[in-house]
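Each chain is listed here by its residues.
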Amino acid sequence: MSGPTRKHTALPKAQTLIEALPWLTRHHGKTIVIKFGGNAMVNEELKAAFAQDVVFLRQAGIKPVVVHGGGPQINAQLDKEGLVSEFKAGLRVTTPEAMDVVRMVLAGQVQRELVGLLNQHGPLAVGMTGEDAHTISAVQHRPQIGGESVDIGRVGEITAIDTGAIVALLNDGRIPVISSIARSADDGHVYNVNADTAAAALAASLGAETLMVLTDVEGLYADWPNSDEVISQLTASELEKLLPELSSGMVPKMEGCLHAVRNGVHTARVIDGRVQHSILLEIFTDEGIGTMVVPDEHEGGAR
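Residues numbered from 1 in each chain as written. Predicted model: local features only at pLDDT ≥ 70, side-chain atom pairs only at ≥ 80, totals over all residues. Heavy atoms only, no water.

J.: Just checking my understanding: could you explain the overall build of the chain for this structure?
T.: Counting its regular elements, the chain contains 10 helices and 16 strands. Over its C-alpha atoms the chain spans a radius of gyration of 20 Å, differing by no more than 12% from the 19 Å that the globule rule assigns to 303 residues. The burial tally for the chain puts 48% of its 303 residues in the buried class. Partitioning the contacts of the chain with sequence separation of at least 6, the portion at a separation of at least 24 is 72%. (Helix = DSSP H or I, 4+ residues; strand = E, 2+ residues; numbered from the N terminus. Rg over C-alpha atoms; globule rule 2.2 N^0.38 Å. Buried < 20%, exposed > 50% of the residue type's maximum accessible area, 1.4 Å probe, protein only. Contact = heavy atoms within 4.5 Å.)

J.: Looking at this structure, how should I read a negative patch on the surface?
T.: Among the surface-exposed residues, E218, D223, D228 and E229 lie close enough to one another that they form a single negatively charged patch. Within the secondary structure, E229 is located in the loop between β13 (210–215) and β14 (233–235). (Patch = residues over 30% accessible without salt bridge, like charges linked within 9 Å, V, L, I, M, F, W, Y side chains within 5 Å. Areas by Shrake-Rupley, 256 points an atom, 1.4 Å probe, with all protein chains shown as cover. Salt bridge = Lys/Arg side-chain N within 4 Å of Asp/Glu carboxyl O. Lys, Arg positive; Asp, Glu negative; His and termini not counted. Charge placed at Lys NZ, Arg CZ, Asp CG, Glu CD.)

J.: For this particular structure, what's the right way to read the pairing of strand β15 (residues 267–272)?
T.: The side chains of a regular strand alternate, residue by residue, between the two faces of the sheet. Summarising burial for β15: six of the six residues are buried, a large majority. Side chains T267, R269 and I271 project from β15 onto one buried face, and the interleaved A268, V270 and D272 project onto a second face that is buried too. Inspection of the sheet shows β13 paired to β15 by six bridges, in the parallel sense. By the bridge assignment, V213 is partnered in β15 with V270. Of the strand pairs in this sheet, β15 and strand β16 (residues 291–294) are connected by three bridges, and their pairing is antiparallel. (Pairing = 2+ DSSP bridges.)

J.: Looking at this model, I keep getting lost on the environment of G164. Mind explaining?
T.: By the element assignment, G164 lies in helix α6 (residues 164–171). A residue is classified by how much of its surface remains accessible, and G164, at 41% relative accessible area, is partly exposed. Considered as a pair, G164 and A133 are 31 residues apart in the sequence and their alpha carbons are 7.6 Å apart.

J.: Is there a simple way to explain the sheet that holds β15 in this structure?
T.: Hydrogen bonds between backbone atoms are what pair the strands of a sheet, whose relative direction is either parallel or antiparallel. One open sheet holds the eight strands; their spatial order is β5-β10-β2-β1-β13-β15-β16-β14, and the pairing between them is mixed. Bordering the open sheet on either side are β5 (125–129) and β14, each of which pairs with just one other strand. Sheet twist, expressed as the mean angle between neighbouring strand axes with direction ignored, is 20 degrees. As paired strands, β14 and β16 are joined by three bridges and run parallel to one another. Pairing of Q233 across the sheet is with M292, part of β16. Contacts between helix α7 (residues 195–206) and the sheet are confined to β1 (31–36), β2 (63–68), β10 (175–179) and β13, with β1 contributing the most and set at about 175 degrees to the helix. (Axes fitted to C-alpha atoms, helices over the stretch in contact; angles between N-to-C directions.)

J.: I'm lost on the sheet that holds strand β11 (residues 181–184) in this one. Help?
T.: Pairing is mixed in the open sheet, where four strands are placed in the order β9-β6-β11-β12. Both outer strands of the open sheet, β9 (156–161) and β12 (190–192), are each paired with one neighbouring strand and no more. The average undirected angle you get between the axes of adjacent strands in this sheet is 45 degrees. Relative to β11, strand β6 (residues 136–140) runs parallel, the two sharing two bridges. Residue pairing across strands places A138 opposite S184, the latter belonging to β11. Against the sheet, helix α5 (residues 96–118) makes contact with β11 and β12, and its axis sits at roughly 75 degrees relative to β12, the strand it touches most. Sheet strands in contact with α7 are β6 and β9, and its direction is about 15 degrees off that of β9.

J.: How do you make sense of the pattern of salt bridges when you look at a structure like this?
T.: Counting across every chain of the model gives 11 salt bridges. Two residues, K35 and D196, come together in a salt bridge whose shortest N-O distance is 3.0 Å. A residue pair is termed long-range when its members are at least 10 positions apart, and K35 in strand β1 and D196 in helix α7 qualify at 161 residues. Here the salt bridges share partners, and the residues they tie into one network are K35, D196 and K253.

J.: Teacher, can you tell me more about α5 here?
T.: Residues that lie three or four places apart on an α-helix share one face, since the helix turns once every 3.6 residues. In this model, α5 (23 residues) spans 32 Å end to end at C-alpha, consistent with the 33 Å of a helix rising 1.5 Å per residue. Taking the largest bend as the criterion, α5 deviates by roughly 35 degrees, centred on Q111. (Expected span 1.5 Å × (residues − 1). Bend = angle between axes of the 7 residues up to and from the residue.)

J.: Looking at this structure, I do not really get the packing of helix α4 (residues 71–80) against α5. What am I missing?
T.: Relative orientation and spacing of two packed helices are given, respectively, by the angle between their axes and the distance between those axes. Relative orientation of the contacting elements α4 and α5 amounts to 125 degrees, with a least axis distance of 9 Å. The angle between α4 and α5 places the two elements in the oblique class. As α4 packs across α5, the resulting crossing turns out to be right-handed. Here Q73, I74, Q77 and L78 of α4 come into contact with α5, specifically with A98, V101, V102, M104, V105, L106, Q109 and V110. For the contact of α4 with α5, a count of residues per class yields nine nonpolar, three polar and no charged. (Parallel < 35°, antiparallel > 145°, perpendicular 65-115°, else oblique. Left-handed = near helix turned anticlockwise from the far one by under 90°. Nonpolar A, V, L, I, M, F, W, Y, C, P; charged D, E, K, R; others polar.)

Written out as structure tokens, the structure is:
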């Protein structure tokens, strides 16, 4: 291959790297909380790409924290054990037997696999649950159905976050991988907590720069199902107005984004986890992908 041709093929790579420079500078040393879920969690190629992205962030001087749930894996294991899942108010009724399965699947299976994928790149990831070092405390969540509060078992509502163990790991250059299980604040049990909610609470308590939630959609649609145009950016107040119209799966994600930006997180983003390397595209390119939520005082700020 002659000299000029070789230069020409390398140039787009150099331009791509240089485009990342202002973003690398802006995010350096900052904490980013990433909620891992959806297709990215079950597709092998997407899982490997996710692990590469998170390690890339870490090597670029950013402090990633990964939070995960595991709905599909929990369903599969409950089926295998012949435990039927009942849902009330959109939440899984979690009996003590089901809670044992949830804990085993999240901490012993999903988390272990993710830690393993990250650690192919070095001694980086450390897995923990919200039970460890009192990271997440919760009390029983009792949803209202028809004006009555309903017992749905071991489903938790977060009451406190202690970031001590996470901060110690980050200061040691590690990548914390956290399963969304909480210790009980009042009765010695453990609780299953929504992973979107847990990620948002952790982002706020850590004073994270960004909360990033992986989903199976391109972002928040402006006028679904009439249009597939994605809202690129909106303020907390704009999001709050939209909440009642959202599909049930998007509600905890967008409520999490709202909670985060109202509690000190600079931006919260919902991105398409079905796109390989969506995290890098979102953090290191000018366009970004998905939907970004910003605090109200950023009104009119360009993306």
